[in-house]
Amino acid sequence: MSSARTAIAVAAATAAAAAGGYTYYRRFMARRDAAADMLNSLLPVHSKWWRDRFSRDGALQYVALGDSAAQGIGASKPWRSYVGRIAGHIRRTTHGTLAVKNLSVSGATTHLCKIDQVPRLADYPADVVTVAIGANDIAGFEPKRFERNLRAIYKALPSHAIVADLPFMVLPEHEKKVAVANEIVRRVAGDYGLVVAPLYATTRRQGYLGTLRHSAGDLFHPNDDGYRVWAAAFYPAIDARLARIAAERAASDVTATRRVTSVAATVADRAQDAALASSTQPPPAEQPAG
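Heads up: these notes are all about the structure in this document. (Residues numbered from 1 in each chain as written. Predicted model: local features only at pLDDT ≥ 70, side-chain atom pairs only at ≥ 80, totals over all residues. Heavy atoms only, no water.)

**Overview of the pattern of salt bridges**
Scanning the entire structure with this criterion turns up 11 salt bridges. The salt bridge partner of arginine 80 is aspartate 224, with a shortest N-O separation of 3.8 Å. Of the two residues, arginine 80 sits in the loop between α3 (68-71) and α4 (82-94) while aspartate 224 sits in helix α10 (residues 224-280), which places them 144 residues apart along the sequence. One salt bridge connects aspartate 165 with arginine 186, and the closest N-O pair in it is separated by 3.0 Å. With aspartate 165 in the loop between β4 (162-164) and α7 (172-191) and arginine 186 in helix α7, this pair connects stretches of sequence that are 21 residues apart. (Salt bridge = Lys/Arg side-chain N within 4 Å of Asp/Glu carboxyl O. Helix = DSSP H or I, 4+ residues; strand = E, 2+ residues; numbered from the N terminus.)

**Details of helix α6 (residues 143-156)**
With 14 residues, α6 should reach 20 Å at 1.5 Å per residue; the first-to-last C-alpha distance of 20 Å fits that figure. For α6, the elements touching its buried residues are α5 (110-117), β3 (128-132), β4 and α7. (Expected span 1.5 Å × (residues − 1). Contact = heavy atoms within 4.5 Å.)

**Concerning empty space enclosed by the protein**
Scanning all chains against the criterion turns up 1 cavity of 30 Å³ or more. Empty space within the largest cavity amounts to approximately 70 Å³. Around the largest cavity sit Asp67, Ala132, Ile133, Gly134, Ala135, Ala164, Asp165, Leu166, Pro167, Leu199 and Trp230, which together line it. Its residues placed into classes, the lining of the largest cavity shows 8 nonpolar, 1 polar and 2 charged. (1 Å grid on protein atoms, 1.4 Å probe; cavity = no way out; pocket = protein on both sides within 12 Å on 5 of 7 lines; lining within 4 Å. Points joined across faces, edges and corners; volume = space filled by probe spheres on them. Nonpolar A, V, L, I, M, F, W, Y, C, P; charged D, E, K, R; others polar.)

Encoded structure:
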């Protein structure tokens, strides 16, 4: 009888634990869904913020292609996204003004980036270009289609563009797809001579707990700290690009100075030759009075 009571007690405790666990899971999912709804409501807010600044000019121009991460969904403010942080980094590094053309669209896949964002590149010649796209492809990932879209995007980019691989996604079923996607990113980028920002390695170093702490309430988008990590993945390539721009402009200034000096010297030589020729010629014959 005692053993029967023990078994019943164990069964009751197990059932209670299961019920408690299920209740916790439902509450957790409800909070996550509520957070996702809240972030979705911010899509037009972030988009308007970037559009309002689209016409601003600067000494340099930065163009960003991507999805909701480039828009900054999950950040407390749009400028705390990785694009906003990169823009701030460029301004601080160059001590100059910067025009930011954020062509990204929330929800974009590689296919949508190819047909919606890439055609607009020609309208905005850029000194700095970043591309982080592909996370939205993972749910229905098809490697051949992913590579085909990626090749079309990368082929249209300037040679100095910086492309990111996909970030660490924690869940094993996602990580398997991300590994394949990132192999494609690196290989295709190599084919076109593009620099790859190591977004996966940078986010993976944060570990599982760090990734959770750096995620917004929907557990998909980064939060402010997460976007700080994302931006850090781009900084070495951004710094190298800015150094190249500075070197090219310095060389251009020297060339322009030399050209102006050469032209001025030629003009001076011609003027001197004309003066000498005039001084050595006999005066004109006196004309008879009319």
